[in-house]
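# Examination of the molecular architecture
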Amino acid sequence: MKARYLALVAVIGVSAFALAGCSTQARAERKGKEAGQQICKAKDANNANEADRHVRRANDKLDDLARFTGRDVRDDVRDLDRNLRQMSRGNATSQDVNAIVRSVEDARKSTTGNTLAAYDGMLEALANCD
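Along every chain, residues carry numbers that run from 1 in the direction the sequence is written. With the structure being a predicted model, the display of local features is reserved for residues of pLDDT at least 70 and the display and counting of side-chain atom pairs for 80 or more, all residues being used for whole-chain, interface and lining totals. In computing side-chain values, all of the structure's heavy atoms are included and hydrogens and water are not.

## Concerning the side chain of threonine 115
Here a strand is any run of E in DSSP of at least two residues, a helix any run of H or I of at least four, and the numbering for each starts at the N terminus. Assignment of secondary structure puts threonine 115 in helix 6 (residues 113-127). Relative accessible area decides the class of each residue, using a 1.4 Å probe on protein chains only: under 20% of the type maximum gives buried, over 50% gives exposed, and in between gives partly exposed. The exposure class of threonine 115 is buried, given its relative accessible area of 8%. Beyond its immediate stretch of four places on either side in the chain, threonine 115 contacts Thr69, Arg71 and Asp76. Should any heavy atoms of two residues lie within 4.5 Å, those residues are counted as being in contact.

Structure follows, in structure tokens:
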């Protein structure tokens, strides 16, 4: 009876640990998607003020993502700051978004876990950027 109880406790513990890992990856993906959506909104902005507002929000989301994953996206994604600065001026093009997508894809190759999930979320949002 005692062995059964210990086995049940072990199964519950392993299950809880596995589910906790999945939920953090889902949160990281959602946070990455939110950052990507703000980048898309900056690209589609009608004027420089609106674009700048969305770039600031994207930067806030990227900061939040860095706190959550423990890894700053700006360190991994080449020229992200330069592309975002250009977008904040209100003269963004699809080429700016494509450059960010290529950089995220390159950075994605060397990551795992929550950071990988965050990059997947960013790519999903950027793929829907018209």
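## Focus: the nonpolar core
In this structure, Ile39, Leu62, Val73, Leu84, Met87 and Ile100 are the most contacted members of the largest nonpolar core, which totals 27 residues. Elements supplying a minimum of two residues to this core: helix 1 (2-43), helix 2 (48-69), helix 4 (80-88), helix 5 (94-108) and helix 6. With 6 residues, helix 6 is the single largest residue contributor to this core. Among the buried residues, those of types Ala, Val, Leu, Ile, Met, Phe, Trp, Tyr and Cys that are joined through side-chain atoms within 4.5 Å form a nonpolar core.

## A word on the packing of helix 4 against helix 5
Only the contacting stretch of a helix is used when fitting its axis, a line to C-alpha atoms as for every element, and angles between N-to-C directions run 0 to 180 degrees. Their axes nearest at 10 Å, the elements helix 4 and helix 5 cross at an angle of 160°. Taken together, the axes of helix 4 and helix 5 are roughly antiparallel relative to one another. The way helix 4 lies across helix 5 gives a crossing that is left-handed. Residues Leu80, Asn83, Leu84, Gln86 and Met87 of helix 4 pack against Asp96, Val97, Ala99 and Ile100 of helix 5. Of the residues in the contact of helix 4 with helix 5, the class split is 6 nonpolar, 2 polar and 1 charged. Angle categories are assigned with fixed cut-offs, so that under 35 degrees is roughly parallel, over 145 is roughly antiparallel, 65 to 115 is roughly perpendicular, and the rest are oblique. Helix crossings get a hand from a simple test, with the near helix turned counterclockwise from the far one by less than a right angle marking a left-handed crossing and a clockwise turn marking a right-handed one. In this classification, the charged set is Asp, Glu, Lys and Arg, the nonpolar set is Ala, Val, Leu, Ile, Met, Phe, Trp, Tyr, Cys and Pro, and all remaining amino acids, among them Gly, are polar.

## A closer look at the packing of aromatic side chains
Ring pairs are drawn from Phe, Tyr and Trp, using the six-membered ring of Trp, whenever the two centres fall within 6.5 Å, and their geometry is named by plane angle: stacked under 30 degrees, edge-to-face over 60, tilted for the rest. Across all of its chains, the model carries 0 aromatic pairs by this definition. The ring centre of phenylalanine 68 lies 5.6 Å from the NZ or CZ of lysine 31, which sits over that ring. In our convention, an over-ring charge means Lys NZ or Arg CZ found within 6 Å of a ring centre and within 35 degrees of that ring's normal.

## Some points on the pattern of salt bridges
A carboxyl oxygen of Asp or Glu within 4 Å of a side-chain nitrogen of Lys or Arg is what we treat as a salt bridge. Summed over the entire model, instances satisfying the criterion amount to 8 salt bridges. One network of salt bridges, in which partners are shared, links Lys31, Asp64 and Arg67.

## Remarks on the state of the cysteines
The disulfide definition used here is simple: a pair of cysteine sulfur atoms within 2.5 Å. Counted under the stated rule, the structure contains 1 disulfide. Two residues, cysteine 40 and cysteine 129, share a disulfide whose sulfurs are 2.4 Å apart. Here the residue cysteine 40 occupies a position in helix 1, and cysteine 129 occupies one in the segment after helix 6, the gap between them amounting to 89 residues. No difference in accessibility class separates cysteine 40 from cysteine 129, as the two residues are buried.

## Here we look at helix 6
Here the expected length of a helix is defined as 1.5 Å per residue gap, with one fewer gap than residues. Taking 1.5 Å per residue as the helical rise, helix 6 with its 15 residues ought to reach 21 Å, and the 21 Å between its terminal C-alpha atoms agrees with that figure. Of the positions making up helix 6, those classed as buried are Thr115, Ala117, Ala118, Tyr119, Gly121, Met122, Leu123, Ala125 and Leu126.

## Observations concerning the side chain of threonine 69
Along the chain, the position of threonine 69 falls in helix 2. Here a polar contact means two N or O atoms within 3.5 Å. Within protein one must be a hydrogen donor candidate and the other an acceptor candidate, and residues neighboring in sequence count only if both atoms are side-chain atoms. There is a polar contact of 3.1 Å between the side chain of threonine 69 and the backbone oxygen of arginine 71. Aside from chain neighbours lying at most four places away, what touches threonine 69 is Ala28, Asn114, Thr115 and Ala118.

## Focus: the environment of arginine 89
For arginine 89, the location among the structural elements is in the loop between helix 4 and helix 5. Residue arginine 89 is classed as exposed on the basis of its relative accessible area of 56%. Measuring from C-alpha to C-alpha, the distance between arginine 89 and alanine 48 comes to 5.0 Å, with 41 residues separating the pair along the chain.

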